[in-house]
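Here is how the chains run, residue by residue.
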Amino acid sequence: EIATRMVRKSTGILVTRTAHGDPLEDTSLYGGFYLGALSLAWGETRDPETAALARRVLAGLLLNASMGKPGFVARGVAEDRTIFRGEPSADQYTGFLYGLWEFQRSGLATAAETRQIGEVWQAVLKRLQRDGWQILTNDRAKVTRYGKLAGIRPTRSERLLSFVLSGAVVTGERSWWPEYERLR
């Protein structure tokens, strides 16, 4: 019940901070991990309520991915859907893509949801590639604080490889396989 109350009915966005701080701080990060957990739970139980909640969280994550330019994933979106929190980090992209991965793999995704997930993932990879494997602000004015994925860096290099490798599977785009090999 607590988990259900943490998902806004109006947006599907997971509220990550209720007592203090920025409620839009980490919705892509935690919402993605929550979607992954819901997808795994549904795979074991086939519970319709779990499926419905997973779809609400998926809708919230896809909203985060729709607020900026293609491939940009906002940290969070306000309930009025007009304001979003920028400055995403590698953490935001990690949680976001993980959730999409588990949802698609669980068997819960419809053909339309699978297609939409593939399109969003493709846009994310194309943007990252175009930006030198860095996470830039929506307007591309600067690299975000924790947005450097390229190069050999603990907790960044393996994320980039996982984004590209799993992206090759999710999108069905063969061009990501040689890119993965090149980055590896």
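Residues numbered from 1 in each chain as written. Predicted model: local features only at pLDDT ≥ 70, side-chain atom pairs only at ≥ 80, totals over all residues. Heavy atoms only, no water.

**Focus on the confidence of the model for the protein chain**
For step 1, the next point in the chain: Confidence in the prediction of the protein chain, expressed as mean pLDDT, is 89, and 89% of residues score 70 or more.
For step 2, the next point in the chain: The weakest mean pLDDT in the protein chain belongs to helix α1 (residues 2-5) at 57; the strongest belongs to helix α5 (residues 111-130) at 98. (pLDDT = per-residue confidence, 0-100. Helix = DSSP H or I, 4+ residues; strand = E, 2+ residues; numbered from the N terminus.)

**Side note on the packing of aromatic side chains**
For step 1, the next point in the chain: For the structure shown, the criterion picks out 3 aromatic pairs.
For step 2, the next point in the chain: Where Trp133 meets Trp176, the ring centres are 6.4 Å apart and the plane angle is 70°; that geometry is what we call edge-to-face. Taken together, the residues span a long stretch of sequence, with Trp133 in the loop between α5 and β3 (134-136) and Trp176 in helix α7 (residues 176-183) at a distance of 43 residues.
For step 3, the next point in the chain: With relative accessibility at 3%, the residue Trp176 sits in the buried group.
For step 4, the next point in the chain: Across from the ring centre of Trp42, 4.2 Å away, lies the NZ or CZ of Arg46, which sits over that ring. (Phe/Tyr/Trp six-rings, centres within 6.5 Å; stacked < 30°, edge-to-face > 60°. Buried < 20%, exposed > 50% of the residue type's maximum accessible area, 1.4 Å probe, protein only. Lys NZ or Arg CZ within 6 Å of the ring centre and 35° of its normal.)

**Observations regarding the side chain of Asn138**
For step 1, the next point in the chain: If you trace the backbone, Asn138 turns up in the loop between β3 and β4 (143-148).
For step 2, the next point in the chain: Engagement of the side chain of Asn138 in a polar contact is seen with the backbone nitrogen of Lys69, the distance being 2.7 Å.
For step 3, the next point in the chain: Here Asn138 is in contact with Gly68, Lys69, Phe72, Phe84 and Arg127, once residues within four sequence places are set aside. (Polar contact = N/O pair within 3.5 Å; in protein donor to acceptor, adjacent residues only side chain to side chain. Contact = heavy atoms within 4.5 Å.)

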